[in-house]
Amino acid sequence: MKTIRNLLLISMVITLSACATRLTKPEGPAQAPETAFRAYKRVILTPITISPDFAEHSSNQAARDKMDNYLKQLMSSTFKDVEFEMVDDASKVVPNGKRTLVIQPHIKEIKFVNTAARIFAGAMAGGSAVLMEVSMDDINANKSIGKPEFYADASAWSGWGADNKVLNKVIEDINFYFRTNY
């Protein structure tokens, strides 16, 4: 009887413990860029790229697509008073007489638990987290004005919908950065 009780206790502990999600966190808050964004009359946004180490999972690719669409929506509103373009390849952007900022968002690390995994595995699927770096280049001066990092996470026990909220939060943090440094 005591053995059965111990086995039940051990199995409950294993069942209730969730996979820990460990991604690198930024050293501190994102530093302001060298130049305020209002100095630019043309802003170019490239699609979000993802580190090859994390690109193999279809859930991470789907998360990238969601984040990319949301970022485009928010940034087009943030930069509505300047010439705003979305291009697939930043290397093809050339100066056109207007001071131009090229923004290149990149997912350095990600673990996204999609709805199916959350339904079937619950907390055992672990939490969701994303670490992004946003490269900002002044193409007229041919220099980088910053590469801030942004991070968001949710534990395995955060509740229904928390995984998708992580994606939204990191994109909203990026957009807030651009709005506050305008």
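Before reading further, recall that the structure is shown in the block above.
The rules we used
Residues numbered from 1 in each chain as written. Predicted model: local features only at pLDDT ≥ 70, side-chain atom pairs only at ≥ 80, totals over all residues. Heavy atoms only, no water. Helix = DSSP H or I, 4+ residues; strand = E, 2+ residues; numbered from the N terminus. Polar contact = N/O pair within 3.5 Å; in protein donor to acceptor, adjacent residues only side chain to side chain. Contact = heavy atoms within 4.5 Å. Core = buried A, V, L, I, M, F, W, Y, C linked by side-chain atoms within 4.5 Å. Buried < 20%, exposed > 50% of the residue type's maximum accessible area, 1.4 Å probe, protein only. Phe/Tyr/Trp six-rings, centres within 6.5 Å; stacked < 30°, edge-to-face > 60°. Expected span 1.5 Å × (residues − 1).

A. Summary view of the side chain of Thr78. Residue placement: Thr78 occurs in helix H3 (residues 58–78). Among the polar contacts listed, one links the side chain of Thr78 to the side chain of Asn175, at a separation of 2.5 Å. Among residues more than four places away in sequence, those in contact with Thr78 are Asn175, Phe178 and Arg179.

B. Inspection of the nonpolar core at higher detail. Ranked by size, the top nonpolar core spans 35 residues in total, and within it Met67, Phe79, Ile103, Met132, Ile171 and Phe178 carry the most contacts. Secondary-structure elements contributing two or more residues to this core are strand S1 (42–45), H3, strand S4 (100–111), strand S5 (128–138), strand S7 (149–154) and helix H5 (162–180). Apart from the residues within four sequence positions on either side, Met67 is in contact with Ile48, Ile107, Val130, Met132, Leu167, Val170 and Ile171. Within the second largest apolar cluster, five residues are counted, among which are Ile44, Val87, Ala90 and Val93.

C. A look at the packing of aromatic side chains. All chains considered together, the criterion is met by eight aromatic pairs. Summarising the aromatic geometry, the rings of Phe79 and Phe178 are spaced 5.9 Å apart at their centres and angled 70° between planes, so their arrangement reads as edge-to-face. With Phe79 in the loop between H3 and strand S3 (83–86) and Phe178 in helix H5, this pair connects stretches of sequence that are 99 residues apart. Note on accessibility: Phe79 and Phe178 belong to one class, buried. Ring centres 5.5 Å apart and planes at 75° place the aromatic pair Phe150 and Tyr177 in the edge-to-face group. Placement of Phe150 in strand S7 and of Tyr177 in helix H5 is noted, with a sequence separation of 27 residues between them. As far as burial versus exposure is concerned, Phe150 and Tyr177 are alike and both buried. Taken together, the ring pairs in this structure connect Phe37, Phe79, Phe84, Phe150, Tyr177, Phe178 and Tyr182 into an aromatic cluster.

D. Highlighting H3. Here H3 spans 30 Å end to end across 21 residues, near enough to the 30 Å set by a 1.5 Å rise per residue. Within H3 the residues assigned to the buried category are Ser59, Asn60, Ala63, Arg64, Met67, Asp68, Tyr70, Leu71, Leu74, Met75 and Thr78.

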